[in-house]
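# Summary of the model geometry
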Amino acid sequence: PRFRWIVILGGVGLFLWLSLEDYAPLSAVIAGSALTLLLAYAAITAWWGGKTLSPSAWWVAAGVGGALIGGGAAVISAALMLFKNGMHAHLFPDYPPGLILAMLERTPVWALAGALIGVALLLLHQPRYEI
């Protein structure tokens, strides 16, 4: 039930963001990243919920999952910018095409950053052994 309320509140926030006249790319990146995290959480709990993974599977999942989340955040942010341009249909768009393409150009770097963050979070979660 908690996840359902998070999705509902996220949808309301996204709806309010789409209705505003906003030209800042930071708000689109925050909305895209939040949407990507919600989609990733739903996919992870649907596929691997209640299953036990081996240690090597954790390392692969952390790296690949982080890369998918990082790259997906850039792509979904660009898609939200394009969608908002289409909804508002101004003579001068809220987000120019060059800005949307620049966001898509960041996808490989964001995927690498996501993979590194995923592995770093797994390293922080590992138990510490004293010598």
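Scroll up to find the structure this text is about.
Residues numbered from 1 in each chain as written. Predicted model: local features only at pLDDT ≥ 70, side-chain atom pairs only at ≥ 80, totals over all residues. Heavy atoms only, no water.

### Description of the overall build of the chain
What the chain contains, in helices and strands, is five helices and zero strands. Of the regular secondary structure in the chain, the N- to C-terminal order runs α-α-α-α-α. In the chain, which comprises 131 residues, the share counted as buried stands at 27%. A sequence separation of at least 24 residues applies to 83% of the contacts in the chain between residues at least 6 apart. Total accessible area on the chain is roughly 9100 Å²; 76% of this is exposed by carbon and sulfur atoms. Positive and negative charge centroids in the chain, built from 6 and 5 side chains respectively, lie 16 Å apart. (Helix = DSSP H or I, 4+ residues; strand = E, 2+ residues; numbered from the N terminus. Buried < 20%, exposed > 50% of the residue type's maximum accessible area, 1.4 Å probe, protein only. Contact = heavy atoms within 4.5 Å. Areas by Shrake-Rupley, 256 points an atom, 1.4 Å probe, with all protein chains shown as cover. Lys, Arg positive; Asp, Glu negative; His and termini not counted. Charge placed at Lys NZ, Arg CZ, Asp CG, Glu CD.)

### Quick notes on the packing of helix 1 (residues 2-19) against helix 2 (residues 25-48)
At their nearest, the axes of helix 1 and helix 2 sit 11 Å apart, and the two run at 155 degrees to each other. Compared by their axis directions, helix 1 and helix 2 come out roughly antiparallel. Once helix 1 is placed against helix 2, the crossing between them reads as left-handed. Contacts between helix 1 and helix 2 involve Phe3, Ile6, Val7, Leu14 and Trp17 on the former and, on the latter, Ser27, Ala28, Ala31, Leu38, Tyr41 and Ala42. (Axes fitted to C-alpha atoms, helices over the stretch in contact; angles between N-to-C directions. Parallel < 35°, antiparallel > 145°, perpendicular 65-115°, else oblique. Left-handed = near helix turned anticlockwise from the far one by under 90°.)

### Remarks on the nonpolar core
With 11 residues, the main nonpolar core is built from Trp17, Leu18, Ala28, Val29, Ala31, Ala78, Leu80, Met81, Tyr95, Ile100 and Met103. Contributions of two or more residues to this core are made by helix 1, helix 2, helix 3 (55-88) and helix 4 (97-105). Dropping the residues within four chain positions of it, Ala78 is found in contact with Ile100, Met103 and Leu104. (Core = buried A, V, L, I, M, F, W, Y, C linked by side-chain atoms within 4.5 Å.)

### Digging into the side chain of Lys84
For Lys84, the position within the fold is in helix 3. On the basis of relative accessibility, which here comes to 0%, the residue Lys84 falls in the buried class. What Lys84 contacts, discounting residues up to four positions off in sequence, is Trp17, Leu18, Leu20, Asp22, Asp94 and Tyr95.

### Looking at the packing of aromatic side chains
Scanning all chains against the criterion turns up two aromatic pairs. Both rings, one in Phe3 and one in Tyr41, keep their centres 5.0 Å apart while their planes meet at 45 degrees; by these two values the pair is tilted. With Phe3 in helix 1 and Tyr41 in helix 2, this pair connects stretches of sequence that are 38 residues apart. With a centroid separation of 6.1 Å and 75 degrees between ring planes, the pair formed by Trp47 and Trp48 is classed as edge-to-face. On the basis of relative accessible area, Trp48 is assigned to the partly exposed category, the value being 40%. (Phe/Tyr/Trp six-rings, centres within 6.5 Å; stacked < 30°, edge-to-face > 60°.)

### What to know about helix 4
Note: α-helices contain 3.6 residues per turn, so residues at a spacing of three or four share the same orientation. When helix 4 is considered as a whole, its buried residues turn out to be Ile100, Ala102 and Met103. Buried residues of helix 4, viewed axially, fall in a sector of 160 degrees; they line one side. Across helix 4 from its buried face, at more than 90 degrees, point the exposed residues Pro97, Gly98, Leu101 and Glu105. Against helix 2, helix 3 and helix 5 (107-125) lie the buried residues of helix 4. (Arc of directions from axis to C-beta.)

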